[in-house]
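# Analysis of the macromolecular model
Below are the chains, spelled out letter by letter.
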Amino acid sequence: MKLWTLVALGVLLLHNVPQAETQAGSGSKKEGAEVGRRKGRRAGRGQGRSRPRPLQMRLVPGLDGQVRPVDHEGNTLILDSSRSSTQQHSSHNVIPGPRGHCRVQGLTLFHQAAWSPKPCVTCLCTAGQVLCHEVTCPTMHCSFPFTPPGECCPVCIETVSNDPGDLVTPEREEEERLRKREEEKRKRRKERKEKVERQRRREEEEEWRGREREERRMEERVGREIKEKERRQEEKLKEELRTLEEEAWPGEEEEAWPGEEEEAGPEEEEEAGPEEEEEAWPEEEEEAGPEEAWLRGDVFADEDADLPRALRLLPAGCDITDVTLTCENTKLSNFPVLTLPGLLSLNLEGNSISSIPDGAFNGLPNLEWINLRKNQLSFNSITEKAFQGLSSLKRLYLDGNLLEQVPRRLPPTLQELKVNDNKLRGIQASTFQDLSSLMILELEDNLLSELNVAPQAFSSLSQLSYLRLGRNYFRTIPQGLPSTLLELHLENNLVEEISGGVFNQTTSLNVVSLRHNKLDEARIAPLAWIHHRNLESIDLSHNDLHLVPSYLPRSLLHLVLVGNHIERVPGYVFAHMDPGLQYLYLSYNQLDGEGIEPESFLGSYGSLVELCLDHNQLITVPSGITQMSSLHFLRLNNNNIRNIPDQSICDQRGDRDSSLVALRLENNFLDPEKIHPTAFSCVRSASSVVFQPQKTK
C-alpha cells in the first residue's frame, strides 16, 4: 500500500501532464510519435550508423527492503547529483504509453515515471530501464546536525526544533563561540575572585586570631609583671619591716646606750648627740628615699659625684649627653623622676612603663621629642595633666602600647604624632581639635573604621600634610580630610569603593596609596579624582582590578597596578593626561596577546620612562614600544613571548637617538638564533639586555 502511495505522489507532484487532452488527441500524438520513431530507425540504418545500446537495468530488493537498480552484470547503479531531491522531481514527466514500462516489486511503472525508494534517492523509469540519482549531502561542521522531516540532508540547529529560526548560520556560530568564551572568562574571573575572597577571609581570620593571641599574651605578661611587681614590693616591705624591728629591738637599745653614756661625759653627750642625729638621718634618707623607689638593677654611675642623684642611680645601659637621654630596653617599670631643664630629647623605648603621672615632665620643660614606644601604656594610665607644661614638644611617639584612645590634652605645639600598633577603637570629633600645628599623623595597625571615626575627626588639623591609616578596617575613604593633605596612605584595609566627592576638598593631594584593598574598576567613580591637578602618584596594587581604571587624574605621573587581575589596557585610557604618565607598573597581572590594543598607550608615547609588563601572559611584544621616545626601562620578562620582530622594540627607520637603557626578556620562549641581529640595536649597552634564562618549550 505504501509503494502505491509513493507512485501516486510521484505522478501528481513531479510531472507536468496536461489534464484537458482528449483521448483522440492523445491517440494521434502516439501514432505520430510511432511514425517518427520508425523513420528515425530507417534513416539510421540507411546511413550505416548503429544506435547505442540502451543501458540494461533491473530492480532487485536490497538488505534493507528497498529496491536497487542493477545492470545486466548485477552491479548496482547509483547516479550522484548535487541537486536536491525536489529539483530532481521537477525535471521528469510521466507520459503513459504501451512501451518502455518498468516492473518494480511486482508493479508496472510507465515510461518517465519517477519515485523515491528512500530519502535522497530518486529513481526514473526510462525506456524500460531504472535510473536512480542519489543526492550528496555537504559535510556539516556544527555541534547539533539534524535532518528535518521531509528533507534528505541534515541542517545545523542549536536544538532539535522545526523552527527555521533555529538554524545556525556562521555568524551565529561565531557569536555563540564568543559568548561561550566570555562566559568562561567570567566564570574563571568569578572563581578567581571567590578564591581571593576566601584567601582574604582566611587571612583576616588569622589576623584576628593572631591579634587575640597577642592580646592574651600581652595581658598574661602584664598580669605576670604586675604580680612580680607586687611580690617584689611585698618582699621589700617585709625586708624594711625586719630592718625596723632589728633597729628598734629593746635588748639592743638597753645594752648600747648605757655604754655610750659611761664613755662620754655630759658635755660631750650634749655636743655629740645632735651631730650624730644630723649624720644619721641623711644616710637613712639616702638609703630609702622616695626618688630611688623605682630603681632596679645596677646603677648608672655611682662613682661620678658630679651627676645629680637621679642620674647616678639610672639603670645600666642608659646614655646621656647635654641634650639627650636614652634608656632604651633597660627594664624600667616606672617613669623616672628627672630634673634636667636643658634636656631636648628623651628616649624610653622598649621598657615596661605602665603609667605617666601628673607632672611627670615638670623637670624637663624644654623637651622637643619624647619616644615612649613599646611600653605598657594604656589610655587610663596617662593622666590628663601628664604632658602639661611641655611648651616646646614637637614629636611624640607612642607606638606599640595598649592605648584604646589617643591621650587627652596633648601639647598644642605638637607637629608629629605616632600612635601605630595600639588598640585604638575610635576617634572622636574633639580628639585633635587643639592640635592645629600637627603636620604628620600616623594611626596604623589599630581597630579603626568609618564606623568609629567621626566624620569631622581630621577637619580641625589645619596644617596636616601626611596621614597614615594603614592596617585598619576602613571600607571607604574617611570623610572630612583637610585641604592641606599631601599624602594619604590606606594600605591593607578593606576599601571597596571610591565615591565621587571624597577628594573634593583635598585639592593639594599628591600621593594616594590604596594597595592591598578590595577595589574594582567599576567601584571607582568617574569624577573621583580626574580633575585633580596635583595628584601625581597612585598605588592600586593587589586589588580586584580587571581593567586599567579609566578617568585617572590628568596630572598622574606614577601608576602602580601590580598584582591585580588585569586582562586589558583599554585604548585611550592615558590620552587625557598632561604632561603624561611617566611610570607604569603592570607586573603580575593577566595580560595576554589580546589585552593590549594599538591605542592602549596613546598619550604616553612621549612621556613614559619606565614600563613594567613582566609576569603576565604576553605572547608578542606590545605595539607602540618603538614610539616611546623617552622610555628608559622596559620589562617583558616572565611572559610567553616566542618571537621578537625586527621593528618591534628598536625602530631603525627613525633618525632620533634611542633612550632605552635596560631591557629584560628572560623567562620567555625565545630562541636566540631566530632573533634579528638589529632587534636590540637601540639599547645603549648590550650588557643591559637580560636575555637568559629562557623557558623550555
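Counting of residues starts from 1 at the beginning of each chain's written sequence and follows it residue by residue. Given that the model is predicted, a residue must reach a pLDDT of at least 70 before its local features are reported, and side-chain atom pairs must reach 80 or more before they are shown or counted; all residues, however, enter totals for whole chains, interfaces and linings. To obtain the side-chain values, all non-hydrogen atoms of the structure were included, while hydrogens and water were left out.

In this section: the pattern of salt bridges. Basic side-chain nitrogens of Lys or Arg form a salt bridge, by our definition, when they fall within 4 Å of a carboxyl oxygen of Asp or Glu. Per the counting criterion, the structure on display carries 17 salt bridges. One salt bridge in this structure joins Glu496 and Arg475, with 3.2 Å as the shortest N-O distance. Here Arg475 lies in the loop between β18 (466-468) and β19 (487-489) and Glu496 lies in the loop between β19 and β20 (511-513), a separation of 21 residues in the sequence. Summary of the burial criterion: residues with accessible area below 20% of their type's maximum are buried, those above 50% are exposed, and those between are partly exposed, where the area comes from a 1.4 Å probe applied to protein chains only. Overall, Glu496 belongs to the partly exposed group, its relative accessible area being 28%. For Arg664, the salt bridge is made with Glu666, and the minimal N-O distance between the two is 2.3 Å. A run of H or I in DSSP counts as a helix once it spans at least four residues, and a run of E counts as a strand once it spans at least two, with each numbered from the N terminus.

Attention shifts here to the pairing of strand β6 (residues 114-118). With 3 bridges joining them, β6 and strand β7 (residues 121-126) adopt antiparallel strand pairing. Within β7, the position partnered with Ala114 by the bridge is Leu124. In this scheme, strands are said to pair when DSSP sees at least two bridges between them.

Counting 111 residues, the largest nonpolar core has Phe361, Phe458 and Phe574 as the members making the most contacts within it. Any two residues whose heavy atoms approach within 4.5 Å at even a single point are treated as in contact. In this structure, Phe574 is in contact with Val548, Leu552, Leu559, Val569, Leu581, Leu584, Ser600, Phe601, Leu602, Gly603 and Ser604, ignoring residues within four places of it in sequence. Throughout this description, the term nonpolar core refers to a set of buried Ala, Val, Leu, Ile, Met, Phe, Trp, Tyr and Cys residues connected via side-chain atoms within 4.5 Å. Core analysis: the next-biggest nonpolar cluster, separate from the first, contains 10 residues, Cys102, Trp115, Cys125 and Cys132 among them.

This part takes up unusual backbone geometry. Following Asp578, the chain continues to Pro579 via a peptide bond in cis, the omega torsion being 15°. Assignment of secondary structure puts Pro579 in the loop between β22 (558-560) and β23 (583-585). The omega torsion across Gln692 and Pro693 is 5°, close enough to zero to call that bond cis. As for its position among the elements, Pro693 is in the segment after β27 (689-690). Phi at His615 is positive, roughly 55°, even though this residue is not glycine. Mapped onto the elements of the fold, His615 is located in the loop between β24 (610-612) and β25 (633-635). Under the relative-accessibility criterion, His615 is labelled partly exposed at 24%. For Asn638, which is not glycine, the phi dihedral falls at a positive 60°. Locating Asn638 in the fold gives a position in the loop between β25 and β26 (662-664).

This part takes up the state of the cysteines. Should the sulfur atoms of two cysteines be covalently bonded, the bond is a disulfide. By disulfide we mean two sulfur atoms from cysteines, separated by a distance within 2.5 Å. Inspection of every chain in the model, using the stated rule, returns 4 disulfides. Disulfide pairing places Cys123 opposite Cys132 at an S-S distance of 2.0 Å. On the sign convention where negative is left-handed, the bridge of Cys123 and Cys132, at about 100° about the S-S bond, is right-handed. With relative accessibility at 2%, the residue Cys132 sits in the buried group. Paired through a disulfide, Cys318 and Cys327 show a sulfur-sulfur distance of 2.1 Å.

Before going further, it helps to examine the packing of aromatic side chains. Side-chain rings of Phe, Tyr and Trp, where Trp is taken by its six-membered ring, are said to pair if the distance between their centres is within 6.5 Å; with planes under 30 degrees apart they count as stacked, over 60 as edge-to-face, and otherwise as tilted. Inspection of the entire model under this criterion finds 6 aromatic pairs. For the ring pair Phe335 and Phe361, a centre distance of 4.9 Å and an interplane angle of 75° mean the geometry is edge-to-face. Here Phe361 lies in the loop between β13 (345-347) and β14 (369-371) and Phe335 lies in the loop between β12 (324-326) and β13, a separation of 26 residues in the sequence. A relative accessible area of 10% means that Phe335 is categorised as buried. By way of ring pairs, the aromatic residues Phe335, Phe361 and Phe387 are connected into one cluster. Two conditions define a charge located above a ring, namely a distance within 6 Å from the ring centre to NZ of Lys or CZ of Arg, and an angle within 35 degrees of the ring normal. Cation over ring: Lys418 sits above Tyr397, and NZ or CZ is 4.6 Å from the ring centre.

Known as pLDDT, the predictor's per-residue confidence is scaled from 0 to 100. On average, the chain scores 76 in pLDDT, and the residues at 70 or more come to 71%. Note on residues 13-97: pLDDT is under 50 here. Beyond four places in sequence and across chains, it has 111 contacts. The low-confidence segment residues 249-305, where pLDDT is below 50, has 48 contacts with residues more than four positions distant or belonging to other chains.

Burial analysis of strand β8 (residues 129-135) places 5 of its 7 residues in the buried class, the great majority of the element. By the bridge criterion, 6 bridges tie β7 to β8 in an arrangement that is antiparallel. Residue pairing for β8: Thr122 is matched across the bridge by His133. As consecutive antiparallel partners, β7 and β8 are separated by 2 residues, and within that stretch Ala127 has a phi angle of approximately 55°, a positive value.

Attention now moves to the environment of Leu535. In this fold, Leu535 is placed in the loop between β20 and β21 (537-539). Setting aside residues no more than four positions away along its own chain, Leu535 makes contact with Leu509, Asn510, Val511, Val512, Trp529, Pro553, Ser555 and Leu556.

So, about the environment of Phe379. The topology assignment puts Phe379 in the loop between β14 and β15 (395-397). Separated by 24 residues in sequence, Phe379 and Ser355 place their C-alpha atoms 9.2 Å apart.

With respect to the helices, strands and loops of the structure, Ser381 is situated in the loop between β14 and β15. Ser381 sits in the buried class, given a relative accessible area of 13%. A distance of 2.8 Å separates the side chain of Ser381 from the backbone oxygen of Ser378, its partner in a polar contact. Here Ser381 is in contact with Ser354, Ser355 and Ile356, once residues within four sequence places are set aside. N or O atoms within 3.5 Å of each other form a polar contact, as long as, within protein, one can give a hydrogen and the other can take it, and as long as residues adjacent in sequence are counted only when both atoms are side-chain atoms.

Before going further, it helps to examine the side chain of Glu567. As for its placement among the helices and strands, Glu567 is situated in the loop between β22 and β23. Residue classification places Glu567 among the buried residues on the basis of a relative accessible area of 17%. In contact with Glu567, not counting residues within four places along its chain, are Arg189, Arg192, His546, Gln590, Leu591, Asp592 and Gly595.

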